[in-house]
Amino acid sequence: MTEVKSPKKLIEVALPLDDINREAARAVIFAQMVNDPGYQQGGGFKYGVNKEEAAKRREALFDIIRELVKWENTNNEEVLERARKEIRKSWREICALNQDHPQAAELFNPDELPAFHDPFAGGGALPLEAQRLGLESYASDLNPVAVMINKAMIEIPPQFAGRAPVGPIPEGEKQPKLSDDWPGATRLAEDVRRYGHWMREQAEKRIGHLYPKVKITPEMVAERPDLKQYEGQELTVIAWLWARTVKSPNPAFSHVDVPLASSFVLSSKKGKEAGVEPIIEGDRYRFKVRVGKPPAEAKNGTKLGVAQISAACFREARLIRSM
């Protein structure tokens with residue numbers, strides 16, 4: 001079998017570890033793809049430059065890595081293209097070293113970068129970053145959830161790269177120009193946004209009546225001064241609390257549905273405490289949000305053992321009868 005000639009990769013020789021953090025997947029791939037510029041010989045080939053020149057070129061590669069690991073450069077095309085250029089350059093060097101290889105035409109095409117494969121892709125960070133660096137990515141994993149995530153991140157988006165969105169423009173929004181650019185997956189993201197808008201409208205038409213808005217009254221403002229600026233307005237509720245219900249174990253109130261709430265505390269963060277207060281009215285009850293430190297019993301909610309539920313319902317019955 002003919003030996004493949006390949007210089008050591010930068011990652012095998014040196015790395016600016018202090019500049020690489022936990023978001024360094026892209027930097028690691030880059031260091032695996034670019035050749036170290038230092039002089040090397042053996043295995044039938046010579047490559048690289050002297051020690052002083054190699055140090056300068058290595059530092060230039062380190063500068064690219066330092067830019068790649070910055071979060072704000074995630075989609076910075078200028079930085080990404082600098083990295084892609086170095087990867088293409090290193091690949092062409094390898095192709096030139098192996099031009100006499102019997103499978104050179106198949107394995108060492110200078111115009112076609114080698115593909116990237118992560119057999120244990122998990123969340124897909126490595127294949128995704130490899131794609132951003134210009135490599136054709138393949139991912140696999142035994143976990144079906146990971147497979148679905150990778151399919152959504154690295155298989156589907158490239159199919160729509162550079163195309164204009166096709167979904168209907170939401171009412172009231174400006175029609176984009178036909179000449180507008182849609183780089184990368186921006187078209188797909190825009191279509192998902194438009195579809196989400198349509199879904200929300202349909203949901204509003206069908207079940208919106210089940211989620212009424214709340215009118216801010218003077219009485220509410222008296223209890224919640226922070227709502228003063230909204231007095232008289234109808235506001236959309238942004239969070240609803242959901243709970244399963246069971247019939248009350250108290251025979252006198254067996255027709256009453258009791259919510260199974262593990263706690264009535266909404267926030268226990270110091271300075272931002274809030275809770276829900278159950279208010280019993282006859283054989284009915286309602287809930288009110290209270291700002292401030294909830295009473296100790298609020299931590300228990302209604303999700304208790306059978307004996308405790310019965311006791312809680314008994315106390316509820318006594319309270320109702322005394323009203």
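Just so you know, these numbers come straight off a predicted model, no measurement behind them.

J.: Looking at this structure, I do not really get the overall build of the protein chain. What am I missing?
T.: The helix and strand inventory of the protein chain stands at 10 helices and 11 strands. For the protein chain, the spread of C-alpha atoms along the three principal axes comes to 100 × 50 × 40 Å. Counting every position in the protein chain, which comprises 323 residues, the buried fraction comes to 30%. Counted over contacts in the protein chain with a minimum sequence separation of 6, partners at least 24 positions apart contribute 50%. A total of about 22200 Å² of accessible surface is found on the protein chain, and carbon and sulfur atoms cover 55% of it.

J.: Got a minute to help me understand the side chain of Asp 191 in this structure?
T.: Residue placement: Asp 191 occurs in helix 8 (residues 186-207). Assessed through its relative accessible area of 13%, Asp 191 is described here as buried. Polar contacts involving the side chain of Asp 191 include one to the main-chain amide nitrogen of Gly 167, which spans 2.8 Å.

J.: I would appreciate a short explanation of the pattern of salt bridges in the present structure.
T.: It is possible for side chains of opposite charge to pair when their charged atoms get near one another. Under the counting rule described, the total for this entry stands at 22 salt bridges. Taking the shortest distance from any N to any O, the salt bridge between Arg 57 and Glu 53 comes out at 3.2 Å. Here Arg 57 and its partner Glu 53 are both found in helix 3 (residues 51-68), 4 residues apart, which amounts to about one turn of the helix. Taking relative accessible area as the criterion, Glu 53 reaches 29% and is therefore assigned partly exposed.

J.: Teacher, can you tell me more about the packing of aromatic side chains here?
T.: In this description, an aromatic ring pair is defined by two values, namely the gap between the centres and the angle between the planes. For the structure on display, the rule yields 5 aromatic pairs. Note on Tyr 195 and Trp 198: the rings are 5.8 Å apart at their centroids and 20 degrees apart in plane angle, and the pair reads as stacked. Taken together, the residues Tyr 195 and Trp 198, both in helix 8 and 3 residues apart, mark about one turn of the helix. Since its relative accessible area comes to 51%, Tyr 195 is described here as exposed. Taken together through their ring pairs, the aromatic side chains of Phe 264, Tyr 285 and Phe 287 make up a single cluster.

J.: How should the confidence of the model for the protein chain be read in this particular structure?
T.: Low pLDDT means the predicted coordinates in that region are not meant to be read closely. Mean pLDDT over the protein chain: 85, with 90% of residues reaching 70 or higher. Mean pLDDT across the secondary structure elements of the protein chain bottoms out at helix 10 (residues 306-322), with 45, and peaks at helix 4 (residues 77-97), with 95. Under a pLDDT of 50 for its full length, residues 305-311 has, in the predicted model, 4 contacts with residues more than four places off or in other chains. Low pLDDT, under 50, characterises residues 314-323; the stretch is placed with 12 contacts to residues that sit more than four places away or in other chains.

J.: Would you take a moment to explain the environment of Ala 239 for this structure?
T.: Relative to the helices and strands, Ala 239 resides in the loop between strand 6 (234-235) and strand 7 (245-247). With 155 residues separating them along the chain, Ala 239 and Arg 84 place their C-alpha atoms 45 Å apart.

J.: Just checking my understanding: could you explain the side chain of His 101 for this structure?
T.: Looking at the secondary structure, you find His 101 in the loop between helix 4 and helix 5 (104-107). Judged by relative accessible area, which is 10%, His 101 ranks as buried. From its side chain, His 101 meets the backbone nitrogen of Gln 103 in a polar contact 3.0 Å long.

J.: Any chance you could explain the nonpolar core here in plain terms?
T.: Looking at soluble globular proteins, one finds that nonpolar side chains tend to be buried together. Among the nonpolar cores identified, the biggest contains 21 residues, and Ile 29, Phe 30, Ile 65, Leu 68, Ile 87, Leu 133 and Leu 135 are the most heavily contacted of them. Among the elements of the structure, helix 2 (25-33), helix 3 and helix 4 are those that each provide at least two residues to this core. It is helix 3 that provides the largest number of residues to this core, a total of 5 residues. Excluding residues that lie within four positions of it along the chain, Ile 87 makes contacts with Phe 30, Met 33, Val 34, Leu 113, Leu 133 and Leu 135.

J.: Hey, could you run me through a nonpolar patch on the surface in this one?
T.: A surface patch of nonpolar side chains, amounting to about 420 Å² of accessible area, comprises Ile 207, Leu 210, Tyr 211 and Trp 240. Its place among the elements puts Leu 210 in the loop between helix 8 and strand 5 (214-215).

J.: How should I be thinking about the pairing of strand 10 (residues 274-281) in this particular structure?
T.: It is a general feature of regular strands that their side chains alternate between the two faces of the sheet. Pairing of strand 9 (residues 265-267) with strand 10 involves 2 bridges; the strand directions are antiparallel. Bridge assignment links Val 265 to a residue of strand 10, and that residue is Gly 275. Taking the residues between adjacent antiparallel strands as the criterion, strand 9 and strand 10 are bridged by 6 residues, where Gly 271 takes a positive phi near 90 degrees. Pairing of strand 10 with strand 11 (residues 284-291) involves 8 bridges; the strand directions are antiparallel. In the sheet register, Gly 275 faces strand 11, and the bridge partner there is Arg 290. Two successive antiparallel strands, strand 10 and strand 11, enclose a turn made up of 2 residues, where Gly 282 displays a positive phi of approximately 65 degrees.

J.: So what exactly am I meant to see when it comes to the packing of helix 3 against helix 4 here?
T.: Packed helices, taken two at a time, are described by the angle between their axes plus the distance between the axes. Contact geometry of helix 3 with helix 4 gives a least axis separation of 10 Å together with a crossing angle of 140 degrees. As judged from the angle between their axes, helix 3 and helix 4 are oblique. Considering only the axes of helix 3 and helix 4, their crossing is left-handed. Contacts between helix 3 and helix 4 involve Leu 61, Asp 63, Ile 64, Glu 67 and Leu 68 from the former and Val 79, Leu 80, Arg 82, Ala 83 and Glu 86 from the latter. Taken together, the residues that form the contact of helix 3 with helix 4 break down as 6 nonpolar, no polar and 4 charged.

How each quantity is defined
Residues numbered from 1 in each chain as written. Predicted model: local features only at pLDDT ≥ 70, side-chain atom pairs only at ≥ 80, totals over all residues. Heavy atoms only, no water. Helix = DSSP H or I, 4+ residues; strand = E, 2+ residues; numbered from the N terminus. Buried < 20%, exposed > 50% of the residue type's maximum accessible area, 1.4 Å probe, protein only. Contact = heavy atoms within 4.5 Å. Areas by Shrake-Rupley, 256 points an atom, 1.4 Å probe, with all protein chains shown as cover. Polar contact = N/O pair within 3.5 Å; in protein donor to acceptor, adjacent residues only side chain to side chain. Salt bridge = Lys/Arg side-chain N within 4 Å of Asp/Glu carboxyl O. Phe/Tyr/Trp six-rings, centres within 6.5 Å; stacked < 30°, edge-to-face > 60°. pLDDT = per-residue confidence, 0-100. Core = buried A, V, L, I, M, F, W, Y, C linked by side-chain atoms within 4.5 Å. Patch = residues over 30% accessible without salt bridge, like charges linked within 9 Å, V, L, I, M, F, W, Y side chains within 5 Å. Pairing = 2+ DSSP bridges. Axes fitted to C-alpha atoms, helices over the stretch in contact; angles between N-to-C directions. Parallel < 35°, antiparallel > 145°, perpendicular 65-115°, else oblique. Left-handed = near helix turned anticlockwise from the far one by under 90°. Nonpolar A, V, L, I, M, F, W, Y, C, P; charged D, E, K, R; others polar.

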